[in-house]
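What follows is each chain in one-letter form.
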Amino acid sequence: MYRFFQLPDFGSDERNASARLIFSLAISMGLMSVLLAAAVWIAMPALLPRALMIAGAIMLACAVSVTLICRGGIRAAGVLLVFVLWAAITAGAVTAGGIGAPVVIGYVVVIMMGGLLWKDPQRMLITVFCILTAAAIALAQQGSLLPPPIEYPPAARFGVYLFFFIIAAIIQRVSALNASELIKKVQSSEIRYRSLLENIPVTTYLSGMELESPFQYISPQIENLLGYPRANFTLDPLFWTKILHPDDAERVLEQSRRSAQTLEPFAMEYRVIAKDGRTVWLKDESVLVRDENGTPSYWLGVWTDITNLKKAEEEQTELINRLTRRTLHLQTAADVARAATSILDIEALLSQTADLIQTHFECYYVGVFLVDETGEWAVLRAATGEIGKQMINMGHRLKVEASSMIGWSITHRQARIALDVGADAVRLANPSLPLTRSEIALPLSAHGKVIGAMTIQSEKPSAFSRVDVTALQAMADLVANAIENARLFTERGLLNKELELQNEELERFTYTVSHDLRSPLVTIRGFLGYLRQDVISGNMKRFNEDLTRIANAVDKMQTLLNELLALSRVGRIANPPESVPFDAIVWEALNLLSGPLDAAKTRVKVAAEFPTVRVDRLRIVEVIQNLVSNAAKFMGDQAEPSIEIGAHGTDSDGKPIFYIRDNGIGIEPQYHERIFGLFNRLDPSIEGTGIGLTLVKRIIETHGGRIWVESERGKGATFFFTLPPA
Amino acid sequence: MIGEPILVMLVEDNMDHAELVIRTMEEHRIANRVRHFLDGQSALDYLFRREEFADPQKSPRPHVILLDLRLPRVDGIDVLKAVKESDELKSIPVVVLTTSEAEKDVARAYYNHANSYLVKPVGFEEFKKMMDDLGFYWLGWNTNPHLPD
């Protein structure tokens, strides 16, 4: 019936249902009252005025109700309707027939309407009110306070009953309709929610308040997510703790216990192991749901699969790390390159490189080894920190063989990486570096040969990646080349210095030669002039004198030239060294000098035992010859000139020391150095070119030996020199 | 100057060269006396009147010093330095007479206030001419300082 009227939506199902009910009642009551009046008019015309009055009142009330409903006044409409019905029944009962009047049955309808329209206690109130009204009517009739009852004919009685039956039927029908609609609605909304819950890309669950209570509900997405059946979760209270990732289990359980105590919302990201063994990152968020009384009833939670998010996050972190490291490598490389190109001193370059790498890579220790001349040992040349300094001072070195990481990388010309040295047998644990957990050894190779290796050590296990090794190797190559360059530069520097020295000597040489060779020429040409005068003047005595001067000058020039030639041969022409007993050399020299020595009656005493030496024999014979003839020359007025030749132990390098001692005029200490200089002569009255001792010194030095003199004026002189042993 | 005996000091380690100088000077009557020293040390002993030359009577001041550069014991340059650093001796003209043409020697000599630098010529006539001119210039034309004894 209400379908003919479109009722507005009153905002809630309950209000809509009430409105529908009241509306139906109002309309049906209106219609029924018209029918009732018509029936009265036909069956009991005597009662028509009263019937018309009641029907009019009811219709009016119904009209007002409908208007009220349409304006939203559902409650007022209900009250009005119930009240009017009650008033009409009461009026009918009082005026016509008392408690026996058929209209009294209407109270049942009023009670039903009240029951539908209100809740307790109003509902009860209406029931009580109706009972009381009926009781009041009955009492009034008992006390004959009411007019005498009218006898209703059966048809009239049926008409009244029918009225109420129909209203009751409408009430039943509408309320049933409402109820079924409500149920349908509730059902559809639950389906909606459930389908929502079970189709959204997260897993929802409800779990009990007890820590170890099983899940009350878990949405089916879980089966896709982890592969376990839902029943596992809902039946086994501890199942979810069993699939936690071992690394995360502890903190998850701890947090979950805390939440259970504090009732604070739980939110965590952790890993679980899926049935197929995958690791799945979950974001678990749950909140406590309380009932209407505020008592905690269950946890409502959501599991979101954040594996991809985590992976992306990890990738991002990895990317950032890689970029950071790359930047670091570039920075280090730039610094090392700068050092490599600007530092030509090898030691400075090595230590700067070690420091740079240590700072940039935040490692514990960096050491640089260079292979020594023998090629057997890698010697620590630069290292970081106090430990490094100590190890360098201790002369730390490693054998070039595969027993150490350094040795291995030198022999294999390859980088070697040990990520947890405890497990890597190749590394020789160094007691000075106890904290090392991972290590790289990088060969230093330049111009195709391995000149050493670098070790980089970290306190962290697995501190180095392949990328690091590549970058570090590039740097190591750079350093190796720089070392090689520095080495060449140093060599060139030494060579330059040597050239400078040679140049200086050459300058001195040409200067002296121009002076000393010129000198006899001045004599020769000068006296040649006088020779002519002598002939003219017939002064034969002076002629002979001058001739001698010229001849001596010519001899002197000859000697000078020969000695210069000998000097220039030293170091330029070298006979292969041979092992010779030193006394053989001495006797060979003495034989050559026998004439002059005998003439001067010089006694020569030669020691009985001499070590064997490894020398250019001819040159050393020259040395002895020079030294002995020098000794004989500077005897002064010594009555018993004597020369002693002997050996006297070894120097710090293990080279035997020899000496030639005389008892001649001696040399004052201030001339001890000068006598070895080219063309330096102390006594012009004694024959000599000033080359002899220079020659001796140079020959000794080309043999790697040393010569020095110990003497005082008037107390003889001893020349000491060393030679390489055989 | 006239009547005063002219004394030339010759410091020369080469006996032949000394003979050449002395002979030429004698022949040309350049000097009344030439005192010859074989090394720098004895020359300085004479000039500073040490040891055997302590008596001023026996060590009159020379009018000119002819000095070779390369000398035994004390080098010519050191003799020059000692003379030019001495208040008493620095006014004596020092003529370096050497075989060296090296620029370094020339520079060092003049740096140490040598008054003249002569290179001994190779050749009899040239040698004689130089000695001649040398005598003429330093002992003839040149006005020498008056030296206190």
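Rules used in this analysis
- Residues numbered from 1 in each chain as written.
- Chains lettered and ligands numbered in written order.
- Predicted model: local features only at pLDDT ≥ 70, side-chain atom pairs only at ≥ 80, totals over all residues.
- Heavy atoms only, no water.
- Domains from an automatic or database assignment.
- Helix = DSSP H or I, 4+ residues; strand = E, 2+ residues; numbered from the N terminus.
- Polar contact = N/O pair within 3.5 Å; in protein donor to acceptor, adjacent residues only side chain to side chain.
- Contact = heavy atoms within 4.5 Å.
- Expected span 1.5 Å × (residues − 1).
- Buried area = accessible area lost by both parts, 1.4 Å probe.
- Salt bridge = Lys/Arg side-chain N within 4 Å of Asp/Glu carboxyl O.
- Nonpolar A, V, L, I, M, F, W, Y, C, P; charged D, E, K, R; others polar.
- Buried < 20%, exposed > 50% of the residue type's maximum accessible area, 1.4 Å probe, protein only.

### Some details on the domain arrangement of chain A
Stage number 1. When the domains of chain A are assigned, the result is domain 1 (2-190), domain 2 (200-305), domain 3 (316-480) and domain 4 (575-722).
Stage number 2. One C-alpha centre belongs to domain 1 of chain A, the other to domain 4 of chain A; they are set 157 Å apart.

### A look at the side chain of A:Thr718
All names here are of chain A.
Stage number 1. Position of threonine 718 relative to the elements: it lies in strand E18 (residues 717-722).
Stage number 2. For threonine 718, the side chain forms a polar contact with the side chain of arginine 661, separated by 3.1 Å.
Stage number 3. Setting aside its immediate chain neighbours within four residues, threonine 718 contacts Tyr659, Ile660, Arg661, Trp708, Val709 and Glu710.

### A short note on helix H6 (residues 154-199) of chain A
Stage number 1. Here H6(A) contains 46 residues, and its C-alpha end-to-end distance of 66 Å stays within 8% of the 68 Å for a straight helix at 1.5 Å per residue.
Stage number 2. Buried residues belonging to H6(A) abut helix H1 (13-43), helix H3 (74-95) and helix H4 (106-117) of chain A.

### Things to note about the interface of chain B and chain A
Stage number 1. In this assembly, 31 residues from chain B lie in contact with 29 residues from chain A.
Stage number 2. Summed over both sides, the interface of chain B with chain A buries roughly 2,700 Å², with 50% coming from carbon and sulfur.
Stage number 3. Among the residues chain B hides against chain A, the three largest losses belong to B:Arg23, B:Arg70 and B:Phe124. Together they make up 27% of the total.
Stage number 4. With a closest N to O distance of 3.1 Å, A:Arg549 and B:Asp16 form a salt bridge.
Stage number 5. For the interface between chain B and chain A, the tally reads 8 residue pairs in polar contact (both at pLDDT 80 or more).
Stage number 6. Among the elements of the structure, helix H1 (15-27), helix H4 (103-111) and helix H5 (124-141) of chain B are those that each provide at least two residues to the side of chain B that touches chain A.
Stage number 7. Tallying contributions element by element places H1(B) first for the side of chain B that touches chain A, with 8 residues.
Stage number 8. Residue classes in the side of chain B that touches chain A are distributed as 11 nonpolar, 7 polar and 13 charged.

### A closer look at the pattern of salt bridges
Stage number 1. All told, the structure shown has 35 salt bridges over all chains when counted by the stated rule.
Stage number 2. We note a salt bridge from A:Glu198 to A:Arg194, for which the minimum N-O separation is 3.7 Å. On the criterion of helical spacing, the pair formed by A:Glu198 and A:Arg194 is a turn pair, its members being 4 residues apart in helix H6.
Stage number 3. The class for A:Glu198 is partly exposed, based on a relative accessible area of 23%.
Stage number 4. The residue B:Lys90 makes a salt bridge to B:Asp87 at a minimum N-O spacing of 3.4 Å.

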